[in-house]
Amino acid sequence: EVDITMLGIETSCDDTAAAVVRSNGEILSQVVSSQAELLAQYGGVAPKMAQEAHAAVIDQVVQDALDKAGVREKDLSAVAVTIGPGLSLCLHVGVQKARKIAGSFNLPLVGVHHMEAHALVARLVEKKLQFPFMALLISGGHNLVVLARDLGHYIQLGTTIDDAIGEAYDKTAKWLGLDLRRSGGPAIEELALEGDAKAIKFTVPMKQHKDCNFSFAGLKNQVRLAIEAQNVTPEIPISAANSKERSARANIAASFQRVAVLHLEEKCQRAIEWALKIDPSIKYLVASGGVASNKYVRSRLKQVVEKNGLQLVCPPPSLCTDNGVMIAWTGIEHFRVGRFDPPPPVNEPDDVK
Ligand code: KG4
Ligand code: ZN
């Protein structure tokens, strides 16, 4: 097989990321520039602001990725870039950069689906991972469980009917006054270690629905009510809380996490049953996306998956959260079976998509 060297660019949400990866699975470089500090300052993503933040760093992030890899543009086989889903203003920054490089150096272009990349990066990590396999994709904007039958052939078994689990982690973290200079998920994971997970009786969502769909809006609301009932003053920094108030917050974090993950476990169990009926030869379930970097989530999912005779594959945290490696790798998967676009015209005007 020919050796492929791929540049991957990702700007769909609040991280600007680039990486250079080879088809033998070698990661030559991986660069991520986060907007977390900016978001913490403004309390959320505003698309225009996020776009400007991507535009301000994209050239440097890509240059760093090439420099660290010791690769020049002309040595690349192609350029891969996220084309969706995500904020279109943000996606545009990455797409424009990718087209500029591809146009100037006469390189093919591979458009990558962000969620497909979260799933396929597991094949870079685990060489034994062949199709068909299942993937549970749990991130801030998306919550999906799919049966991946082959490259580009995915059956969606379930999705969220409202919020994704990461959104529930992020809101809970914000309401508990946690430090949001990094994302809310890791802050909840850490605080939950101090708490009693049975202290608050949240109800597991969607118990009566015999499908594989998720819902986290109701649980989010239960958390908000619990915060009010416990007299925790929302949005006062945890650093300013006394020990009684700190432990009240830790109990909420732990109880929230337990029930959110119970919901994942139940739906995951049903999805495995469904998938094995469609294809009994499935041996693996991939858990990926930002929330899959959580140790509690991983250990609970591992039990469900192994109970069903499957193996869990979880990429390391740096490849679970948004990154350029997964885009480059998915670019390689498509490029080697001939799925790519020809080089764009040289000196294309900036506003052409
Ligand atoms: O996949 P990702 O980086 O971006 C999207 O595609 O959305 O996922 C980001 C989400 C955020 O909601 C973040 O709070 C969550 O993943 N997350 C975590 C952890 N690390 C990141 N949630 C729980 N525990 C973690 N350790
Ligand atoms: Zn993502």
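Residues numbered from 1 in each chain as written. Chains lettered and ligands numbered in written order. Predicted model: local features only at pLDDT ≥ 70, side-chain atom pairs only at ≥ 80, totals over all residues.

Remarks on the site of ligand 1
Around ligand 1, the surrounding shell holds 19 residues, and the nearest of these are S139, G140, G166, G185 and G290. With four residues, helix α6 (residues 184-192) is the largest single contributor of residues to the shell around ligand 1. Residue composition of the shell around ligand 1, grouped by class: four nonpolar, 12 polar and three charged. Counting only domains with at least three residues in the shell around ligand 1, you end up with domain 1 (5-120 + 321-335) and domain 2 (133-281). (Near = placed C-beta within 6 Å. Helix = DSSP H or I, 4+ residues; strand = E, 2+ residues; numbered from the N terminus. Nonpolar A, V, L, I, M, F, W, Y, C, P; charged D, E, K, R; others polar. Domains from an automatic or database assignment.)

Re the packing of α6 against helix α8 (residues 243-278)
Angle between the axes and distance between the axes are the two parameters that describe a pair of packed helices. Direction vectors running N to C along α6 and α8 enclose 110°, while the axes themselves pass 8 Å from each other. In this view, α6 runs roughly perpendicular relative to α8, as classed from their interaxial angle. The residues of α8 that touch α6, namely those facing I188, L191 and A192, are R249, A250, A253, A254 and Q257. Across the contact of α6 with α8, the residue classes tally to six nonpolar, one polar and one charged. (Axes fitted to C-alpha atoms, helices over the stretch in contact; angles between N-to-C directions. Parallel < 35°, antiparallel > 145°, perpendicular 65-115°, else oblique. Contact = placed C-beta atoms within 7 Å.)

Considerations on the nonpolar core
Core analysis: the biggest nonpolar cluster contains 113 residues, and V79, M134 and A328 have the highest contact counts within it. With 14 residues, α8 is the single largest residue contributor to this core. Formed jointly, this core draws a minimum of three residues from each of two domains, domain 1 (5-120 + 321-335) and domain 2 (133-281). Those residues within four positions of V79 in sequence are excluded, and the remaining contacts are L7, A98, I101, A102, L107 and L109. (Core = buried A, V, L, I, M, F, W, Y, C linked by C-beta atoms within 7 Å. Buried ≥ 20, exposed ≤ 12 C-beta atoms within 10 Å, placed from the backbone.)

Quick notes on the sheet that holds strand β4 (residues 78-84)
Pairing is mixed across the open sheet formed by five strands, whose spatial order is β3-β2-β1-β4-β5. Every interior strand has two partners, whereas the edge strands, β3 (27-34) and β5 (109-113), have only one. Each strand of the sheet is rotated relative to its neighbour by a mean of 20°, with strand direction disregarded. Running at roughly 90° to β5, helix α4 (residues 114-125) makes contact with β4 and β5 of the sheet. Lying over the sheet, helix α11 (residues 325-335) contacts β1 (5-10), β2 (15-22), β3, β4 and β5, oriented at roughly 130° with respect to β1. (Pairing = 2+ DSSP bridges.)

Focus: the domain arrangement of the protein
What the domain assignment reports for the protein is domain 1 (5-120 + 321-335) and domain 2 (133-281). Relative placement of domain 1 and domain 2: their C-alpha centres are 28 Å apart. Contact with domain 1, which involves eight residues of that partner, is made by 13 residues of domain 2. Contributions of two or more residues to the side of domain 1 that touches domain 2 are made by α1 (36-42) and α4. Residues belonging to the side of domain 1 that touches domain 2 are distributed by class as follows: five nonpolar, one polar and two charged.

Quick notes on the pairing of β1
Counting buried residues along β1, five of its six residues qualify, which places the element largely inside the surrounding structure. In this sheet, β2 lies alongside β1 in antiparallel orientation, the contact comprising six bridges. Considered in β2, the bridge of L7 is made with V20. In this structure, the hairpin formed by β1 and β2 is closed by a connection of four residues.

Some remarks on the packing of helix α5 (residues 165-175) against α8
Taken N-terminus to C-terminus, the directions of α5 and α8 make an angle of 175°; their axes are 11 Å apart at the nearest point. Here α5 lies roughly antiparallel to α8, going by the angle between them. Mapping the contact onto sequence places I165, A168 and T172 in α5 and A253, F256, A260 and L264 in α8. Of the residues contributing to the contact of α5 with α8, the split by class is six nonpolar, one polar and no charged.

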